[in-house]
Amino acid sequence: MDLDIFDFYDKMEKNNIMLSFKGDITSELLTSILQIMESKMDTMEESPKIKKKVYNILVECLQNLYHHIDENPIASANGEKDKTAIFMIVKEGDKYSIITGNYMYNDSVSLMKGRLEKINAMSKDELKEYYKEVLNNGEMSEKGGGGLGMIDIARKSGKPLEFQFHPVDSKHSFFSLNINIAQ
Amino acid sequence: MEHLNIEGTPKTPTIKFDVVKGELLIRGRSIPENSIEFYKPLVDMLEAYTSKPLSNTKVDVQLEYFNTSSSKCILDIFKRLEVLNSNGSNVIINWHYEEDDEDMLEAGEDYQAIISVPFKMIQINEE
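Cut-off values and rules
- Residues numbered from 1 in each chain as written.
- Chains lettered and ligands numbered in written order.
- Predicted model: local features only at pLDDT ≥ 70, side-chain atom pairs only at ≥ 80, totals over all residues.
- Heavy atoms only, no water.
- Helix = DSSP H or I, 4+ residues; strand = E, 2+ residues; numbered from the N terminus.
- Rg over C-alpha atoms; globule rule 2.2 N^0.38 Å.
- Contact = heavy atoms within 4.5 Å.
- Lys, Arg positive; Asp, Glu negative; His and termini not counted.
- Charge placed at Lys NZ, Arg CZ, Asp CG, Glu CD.
- pLDDT = per-residue confidence, 0-100.
- Polar contact = N/O pair within 3.5 Å; in protein donor to acceptor, adjacent residues only side chain to side chain.
- Patch = residues over 30% accessible without salt bridge, like charges linked within 9 Å, V, L, I, M, F, W, Y side chains within 5 Å.
- Areas by Shrake-Rupley, 256 points an atom, 1.4 Å probe, with all protein chains shown as cover.
- Salt bridge = Lys/Arg side-chain N within 4 Å of Asp/Glu carboxyl O.
- Buried < 20%, exposed > 50% of the residue type's maximum accessible area, 1.4 Å probe, protein only.
- Pairing = 2+ DSSP bridges.
- Axes fitted to C-alpha atoms, helices over the stretch in contact; angles between N-to-C directions.
- Core = buried A, V, L, I, M, F, W, Y, C linked by side-chain atoms within 4.5 Å.

Turning our eyes to something else, we now look at the overall build of chain B. A tally of regular secondary structure across chain B gives three helices and six strands. Seen in sequence order, chain B has helices and strands lined up from the N terminus as β-β-β-α-β-α-β-α-β. Compactness check: chain B gives a C-alpha radius of gyration of 14 Å against a globular reference of 14 Å for 127 residues, within 12% of the reference. Overall, chain B is about 40 × 25 × 25 Å in size when its C-alpha atoms are taken along their principal axes. Counted over contacts in chain B with a minimum sequence separation of 6, partners at least 24 positions apart contribute 69%. Side-chain charges in chain B split into 12 positive and 23 negative, and the spacing between the mean points of these groups amounts to 8 Å.

Let us now look at the confidence of the model for chain A. As a note on interpretation, predicted positions should not be read in detail where pLDDT is low. Of all residues in chain A, 90% have pLDDT values of 70 or greater, and the mean over the chain is 90. By mean pLDDT, the top-scoring element of chain A is strand β4 (residues 162–167) of chain A (97), and the lowest-scoring one is helix α4 (residues 73–77) of chain A (66).

Residues and elements named next belong to chain A. In this structure, N106 sits in helix α5 (residues 106–120). Along the chain, N106 and K171 lie 65 residues apart, while their C-alpha atoms are 5.4 Å from each other. Setting aside residues no more than four positions away along its own chain, N106 makes contact with D169, S170, K171, H172 and S173. Side chain to side chain, N106 and S173 meet in a polar contact 2.5 Å long.

Turning next to a nonpolar patch on the surface. All names here are of chain A. A cluster of nonpolar side chains, contributed by L3, I5 and F8, occupies part of the molecular surface with about 320 Å² of accessible area. You can see L3 is positioned in the segment before α1 (5–14). For L3, a relative accessible area of 43% puts it in the partly exposed group.

The pairing of strands in a sheet comes from backbone hydrogen bonds and takes either a parallel or an antiparallel form. All names here are of chain B. With mixed pairing, the six strands of this open sheet are ordered in space as β1-β2-β3-β4-β5-β6. At either margin of the open sheet sits one strand with a lone partner, and together these are β1 (4–6) and β6 (119–124). The mean inter-strand angle of the sheet, taken between neighbouring strand axes irrespective of direction, is 15 degrees. When β1 meets strand β2 (residues 14–18), the two strands line up antiparallel, connected through three bridges. The residue of β2 that forms the bridge with N5 is K16.

Nonpolar side chains in soluble globular proteins tend to end up buried together. Ranked by internal contacts, the top residues of the largest apolar core, which has 83 residues, are L42 and F78 of chain B. With nine residues, helix α3 (residues 48–68) of chain A is the largest single contributor of residues to this core. Excluding its chain neighbours within four sequence positions, the residues that come into contact with L42 of chain B are L4, I15, F17, L24, I26 and I77 of chain B.

This brings us to the sheet that holds strand β3 (residues 95–105) of chain A. All names here are of chain A. The five strands lie next to each other as β1-β2-β3-β5-β4, forming an open sheet whose pairing is antiparallel. Since the sheet does not close on itself, it has two edges, and those belong to β1 (17–24) and β4, each with one partner. Going from strand to strand, the sheet's axes swing by 10 degrees on average, the running direction of each strand aside. Here β4 runs beside strand β5 (residues 172–181); their pairing, made up of six bridges, is antiparallel. Each residue of the ladder has a partner; that of F163, found in β5, is L177.

Structure, rendered in structure tokens:
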């Protein structure tokens, strides 16, 4: 194994990573992560306003992962069905960021990129109108989502969504999303 | 018709629908991964209630958090209340939000703009 755990620790420390996880995203995991973050923020005596914002955005980010991960090419090459992702919660000074990463089929990249660019080009008021429009469009996915997650994240974070698509192979890309939360 | 009584969990709200008083309460957190499944009993019950409603129906929504998956279900419930309101029951929706929780106030205003049912914003003052 060529992994140096101290180096890993040191990088996490220097980058102010409060919490990170890589693996299967299950409903039970989300419940635990949310509980951990909530009690961490309580211990840190964050204001109710910040706590709510971070919690809300975290719920949307994690549930996006839960519902939308495409399979991991390494695992599927081994014949496994695995839907893993990575996420980190960073606190630098008093600013929170939530970073997520997951595999995505190349076919979905341009649609996703278009949606994110559309959201980023909108003002606060335009986002509000867009949210209401999508809320009321009568379309519901099987589980009740329906395209509101990213709009809500952008609205609540108050900052543009930073994203990247890292090409992996002919079928897959790795999608990373960095959400900075305005104070 | 039986009352509806769903206990809250860390991811789902308490729901109480008292059909004798015509009072519906939704309180707590609504962040399930599958909201449609969670809200189905309430949707079914509203449907039954609408066929034989009381003359007044009071709805209190006091959510601490809700996810976007719940937000479409909540709109669906409000739309059913809109039907109820035009079917002979005077409906009032009280939307409770905590002081400082601008996002929750704004979420209430978004619904208020879409739904034509008397909608009241109620601020909860922290002790």
